[in-house]
Amino acid sequence: GDLMIVELISTGSELLLGDTVNTNVSWLAQELNKLGYTIAHQSVVGDNPKRMAEVFQLASTRADVVISTGGLGPTQGDIGRPIVFNQEAMDEVKKFFESVKRTVPDASRREAELPEGAKILKNPVGVAPGVVVEDGDTTYILLPGPPGEMKGMFHDSVVPYLMNRFGSQGVVTSYRYGVY
């Protein structure tokens with residue numbers, strides 16, 4: 001099939017101030033390129049719900065897959081889906097706090113308030129699960145901002161998801177024939 005177009009969105013006002021270097025995007029771009037995906041655009045947007053919604057809306061018009069990092073939690077309304085309680089996400093949150101022998105704080109309960117129809121990506125190191133929402137022709141993958149969590153989740157959950165959903169983007173085949 002056609003090669004998939006990916007857009008990367010980074011959310012977080014600190015990235016716009018220039019104090020925090022956005023290492024997530026360069027890392028993700030390299031990993032996705034290795035897998036044969038085409039990165040057409042990258043956007044950085046501050047923690048402003050209206051601007052976030054605009055960025056996601058624009059991305060949906062020009063990318064097959066939109067991967068965002070940062071701003072997980074209450075900002076997930078920015079893809080225009082109603083926010084609902086997600087039991088699977090709550091189970092993941094509970095599992096994390098059980099592993100550190102704590103009860104779930106109220107603030108962390110909002111990690112389970114997700115866009116309707118969301119699929120959960122397990123977070124190997126942190127509390128917030130990642131989220132996949134398939135919406136029409138666009139697949140949104142929402143990942144946490146901390147690089148350790150984002151990278152672990154990408155390898156453990158995102159790559160298997162992409163392979164399963166879209167198949168190989170030609171990279172695996174080329175290795176098989178020894179063509180680099």
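Remember, predicted model here, so these are calculated numbers, not experimental data. (Residues numbered from 1 in each chain as written. Predicted model: local features only at pLDDT ≥ 70, side-chain atom pairs only at ≥ 80, totals over all residues. Heavy atoms only, no water.)

Here the protein chain averages 85 in pLDDT, while 88% of its residues score no lower than 70. Mean pLDDT per element in the protein chain: helix H7 (residues 171-176) is the minimum at 48, and strand S3 (residues 65-69) is the maximum at 95. A low-confidence stretch, residues 173-180 (pLDDT under 50), is modelled with three contacts involving residues beyond four sequence positions or located in other chains. (pLDDT = per-residue confidence, 0-100. Helix = DSSP H or I, 4+ residues; strand = E, 2+ residues; numbered from the N terminus. Contact = heavy atoms within 4.5 Å.)

What follows is about the pattern of salt bridges. Using the criterion set out here, one finds nine salt bridges in the structure. Ionic pairing is found between Arg62 and Glu7, a salt bridge with its closest N-O pair at 2.8 Å. Of this pair, Arg62 sits in helix H3 (residues 49-62) while Glu7 is found in strand S1 (residues 5-11), placing the two residues 55 residues apart along the sequence. You can call Arg62 partly exposed: its relative accessible area is 31%. Owing to a relative accessible area of 0%, Glu7 belongs among the buried residues under this scheme. A salt bridge links Lys95 to Glu92; the shortest N-O distance between them is 3.0 Å. Placement of both Lys95 and Glu92 in helix H4 (residues 87-99) is noted, with a separation of three residues, approximately one turn of the helix. Exposure remark for Lys95: the relative accessible area of 47% places this residue in the partly exposed category. (Salt bridge = Lys/Arg side-chain N within 4 Å of Asp/Glu carboxyl O. Buried < 20%, exposed > 50% of the residue type's maximum accessible area, 1.4 Å probe, protein only.)

What follows deals with the side chain of Asn123. Structurally, Asn123 is set in the loop between strand S6 (119-121) and strand S7 (130-135). A polar contact is formed between the side chain of Asn123 and the backbone oxygen of Ala128, at a distance of 2.8 Å. At 2.8 Å, the side chain of Asn123 forms a polar contact with the side chain of Glu149. Setting aside residues no more than four positions away along its own chain, Asn123 makes contact with Ala128, Pro129, Pro144, Glu149 and Met153. (Polar contact = N/O pair within 3.5 Å; in protein donor to acceptor, adjacent residues only side chain to side chain.)

The next point concerns unusual backbone geometry. Note: most peptide bonds trans; most residues except glycine with negative phi. Positive phi values are uncommon outside glycine, yet Lys101 reaches one of about 60°. Turning to its location among the elements, Lys101 is positioned in the loop between H4 and helix H5 (106-109). On the accessibility criterion, Lys101 (76% relative accessible area) is exposed.

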